[in-house]
Amino acid sequence: MERIKGNQIRQDLAELQATERLSREDLLRLQTDKLRKLLLHSVTHVPFYREYAHLKPLIETKPGEALTHFPILTKDIVRENFDRLVADNANRESLILNRTGGSTGQPVLFYIDRHTVEYYEAARWRGLSWWDIHIGDPCVMIWGSPIELNRQQLKRQRLKDRFLKNQVFIPSFDLRKEKIKEYLDLIDDFHPVYLFGWASALRLFADFMLEEKRSLKRPIKAVLNTAETLHPGDREVIEQAFRCPVINEYGARDGGLLAYQCPSGNMHINVETAWIEVGDMLTKELVSLGEKGLVIVTDLNNYSMPRLRYQLGDVISLSDDQCSCGRELPLIKTLDGRENDTFVTKDGAYVNGQFFTNLARILPTVRQFQVVQHSRTEMTLRLLEHDQLAQEDVDHFVNVILEKMGDVEVHVKRVSEIERQASGKLRTSIREFPL
Ligand SMILES: [Zn+2]
């Protein structure tokens with residue numbers, strides 16, 4: 001791929017492996033330099049940002065402060081200004097049209113260029129290298145199907161994955177027990193160095209393996225969780241079943257690869273790829289360090305269609321702690337799922353979706369659930385029906401919801417399946433109305 005397509009991943013990786021050794025001060029300087037360059041480019045070449053050209057002097061001296069004068073980009077703004085966000089000097093023919101999975105409403109379309117994509121990949125390889133996993137190591141991906149591909153394209157994609165990338169793909173849609181068994185045989189035949197997938201799919205594999213007392217024939221180095229919030233309960237079960245650590249990665253199709261977990265357990269931000277701000281859930285004013293809020297991302301490498309201060313929809317908090325692993329890349333303190341995973345009680349307090357997940361953990365017969373908040377006074381609790389599901393656990397679940405959320409109506413539904421998003425992801429908590 002390097003020779004034929006001019007792929008630069010290894011070059012980018014070498015660069016990232018050099019910068020990760022920098023002190024935090026030097027890392028932040030490097031990040032600030034990248035931001036300055038991007039902002040100057042944006043006010044010069046991007047029609048949507050031209051009206052901010054008067055900020056040039058501030059951009060030159062204090063790019064971080066200048067950035068706060070730009071509007072926060074919501075998905076709607078991107079949709080409405082799609083063409084005006086493309087740089088006038090971008091090579092339109094080489095742009096790749098990408099889209100979000102659309103797990104929360106309408107998908108967003110955006111352009112990205114090949115080098116930006118390669119840079120994300122290089123950042124992933126850097127994170128994996130912390131776990132002694134390297135380019136070309138055999139990998140099994142348990143993943144939602146690439147939505148845009150037709151059958152023929154999918155077949156070609158799979159061959160390419162298998163022979164160029166040493167990757168085998170398992171679709172995460174139809175994970176019945178018989179299927180999981182088949183897939184485990186496939187994994188054993190291929191003997192990967194690591195697995196890569198969505199927490200909810202990995203969890204189904206892990207549950208099956210523990211139930212059947214089955215383990216992989218050959219040990220693997222790690223299981224990599226991406227694109228879904230990794231709940232502590234899932235981590236434990238997956239680690240137990242696969243007998244290896246679970247690595248957490250934080251990124252988004254429309255935000256890039258933002259952070260990677262190191263072997264000391266902390267999420268290090270890729271400052272070479274992203275500038276991250278955290279804004280209040282309601283007012284979007286920037287919050288102080290350590291406080292939870294909406295993550296606002298500026299991708300530092302995408303010059304084709306720069307999206308400054310893009311509101312991703314996740315809730316996080318940052319930390320200025322140092323990690324014991326020695327890397328000085330700054331840390332994310334907490335990853336709290338999606339903004340609309342967060343519920344609001346009758347009197348206006350926030351309840352993070354994680355609360356329900358933690359609750360479900362202590363109820364031994366609850367296997368899978370989903371809580372939906374329709375309004376401040378009405379909720380639905382869906383529980384996966386199975387022989388052992390105890391009424392006692394169901395009642396306890398409801399009582400704790402009532403305690404936490406106040407006087408709300410809770411509809412309990414025992415269901416044979418909890419529906420996944422179009423993307424194949426499983427969401428455990430969904431708020432259906434805006435804050
Ligand atoms: Zn670390």
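Below is a summary of the structure that appears in this document. (Residues numbered from 1 in each chain as written. Predicted model: local features only at pLDDT ≥ 70, side-chain atom pairs only at ≥ 80, totals over all residues. Heavy atoms only, no water.)

A word on the environment of E65. Structurally, E65 is set in helix α5 (residues 63-67). The spatial distance from the C-alpha of E65 to the C-alpha of R307 is 17 Å, given a sequence separation of 242 residues. (Helix = DSSP H or I, 4+ residues; strand = E, 2+ residues; numbered from the N terminus.)

A word on helix α2 (residues 9-19). Listed in full, the buried residues belonging to α2 are I9, D12, L13, L16 and T19. In an axial view of α2, the angular spread of the buried residues amounts to 125 degrees, which keeps them on one side of the axis. Exposed residues pointing more than 90 degrees away from the buried face of α2 are listed as R10 and Q11. The secondary structure elements touched by the buried residues of α2 are α3 (24-45) and α7 (114-129). (Buried < 20%, exposed > 50% of the residue type's maximum accessible area, 1.4 Å probe, protein only. Arc of directions from axis to C-beta. Contact = heavy atoms within 4.5 Å.)

Interhelical geometry of helix α11 (residues 232-242) versus helix α12 (residues 354-361) gives an angle of 50 degrees and a closest axis separation of 9 Å. Comparing the axis directions of α11 and α12 gives the class oblique. Of α12, the residues touching α11 (which contributes P232, G233 and E236) are Q354, N358 and R361. (Axes fitted to C-alpha atoms, helices over the stretch in contact; angles between N-to-C directions. Parallel < 35°, antiparallel > 145°, perpendicular 65-115°, else oblique.)

This next bit is on the side chain of D254. If you trace the backbone, D254 turns up in the loop between β7 (246-252) and β8 (256-261). Among the residues examined, D254 registers a relative accessible area of 6% and is labelled buried. Reaching out from D254, the side chain makes a polar contact with the side chain of Y310 at a distance of 2.6 Å. Discounting chain neighbours no more than four positions away, the residues touching D254 are K75, T100, F110, R307, Y310 and L312. (Polar contact = N/O pair within 3.5 Å; in protein donor to acceptor, adjacent residues only side chain to side chain.)

Every protein donor of the zinc ion is listed here as C262 (SG), H268 (NE2), C323 (SG) and C325 (SG), and their distances to the metal cover 2.1 to 2.2 Å. Taken together, the four donor atoms coordinating the zinc ion and their angles of 105 to 117 degrees define a geometry best described as tetrahedral. Between the donor residues of the zinc ion, the gaps in sequence give the motif C-x5-H-x54-C-x1-C. A residue pair is termed long-range when its members are at least 10 positions apart, and H268 in strand β9 (residues 267-269) and C323 in the loop between β12 (310-319) and β13 (331-338) qualify at 55 residues. (Donors = N, O, S within 2.8 Å, 3.2 Å for Na, K, Ca; no water. Tetrahedral: all angles 85-135°; square planar, octahedral: opposite > 155°, others 65-115°.)

Let's shift gears to the sheet that holds strand β19 (residues 429-431). Spatially, β18-β17-β16-β19 is the arrangement adopted by the four strands of the open sheet, whose pairing is mixed. A single partner strand is all that each edge strand has here, and the edge strands are β18 (409-415) and β19. Direction aside, neighbouring strands of the sheet carry axes that sit 15 degrees apart on average. Where strand β16 (residues 369-375) meets β19, three bridges bridge the pair, whose relative direction is parallel. Across the sheet, the residue bridging to V371 is S429, located in β19. (Pairing = 2+ DSSP bridges.)

Now for the packing of helix α10 (residues 199-211) against α11. Two elements in contact, α10 and α11, have axes separated by 8 Å at closest approach and are oriented at 50 degrees. The angle between α10 and α11 falls in the class oblique. For the pair α10 and α11, the crossing hand works out as left-handed. Residue-level inspection shows A199, L202, R203, F205, A206, D207, M209 and L210 of α10 in contact with α11, the latter providing G233, D234, V237, I238, Q240, A241 and F242. The class makeup of the residues in the contact of α10 with α11 is ten nonpolar, two polar and three charged. (Left-handed = near helix turned anticlockwise from the far one by under 90°. Nonpolar A, V, L, I, M, F, W, Y, C, P; charged D, E, K, R; others polar.)

With that settled, the discussion passes to the packing of aromatic side chains. By the definition in use, this model includes ten aromatic pairs. Between Y183 and F205, the ring centres sit 6.5 Å apart and the planes meet at 25 degrees, which makes this aromatic pair stacked. In this pair, Y183 is assigned in helix α9 (residues 177-190) and F205 in helix α10, connecting sequence segments 22 residues apart. In terms of burial, Y183 and F205 fall into one category: buried. Their ring planes at 85 degrees and their centres at 5.5 Å tell us that F355 and F356 sit as a pair that is edge-to-face. Taken together through their ring pairs, the aromatic side chains of F48, Y49, Y52 and F70 make up a single cluster. The lysine or arginine in question, R307, covers the ring of Y310, its NZ or CZ lying 4.9 Å from the ring centre. (Phe/Tyr/Trp six-rings, centres within 6.5 Å; stacked < 30°, edge-to-face > 60°. Lys NZ or Arg CZ within 6 Å of the ring centre and 35° of its normal.)

Scanning the model with the defined rule gives 26 salt bridges in all. Between R29 and D26 there is a salt bridge, and its shortest N-O distance comes to 2.9 Å. Of this pair, R29 and D26 both sit in helix α3, three residues apart, which is roughly one turn of the helix. R29 sits in the partly exposed class, given a relative accessible area of 45%. Take D26: its relative accessible area is 28%, and that puts it in the partly exposed class. A salt bridge links D88 to R50; the shortest N-O distance between them is 2.5 Å. (Salt bridge = Lys/Arg side-chain N within 4 Å of Asp/Glu carboxyl O.)

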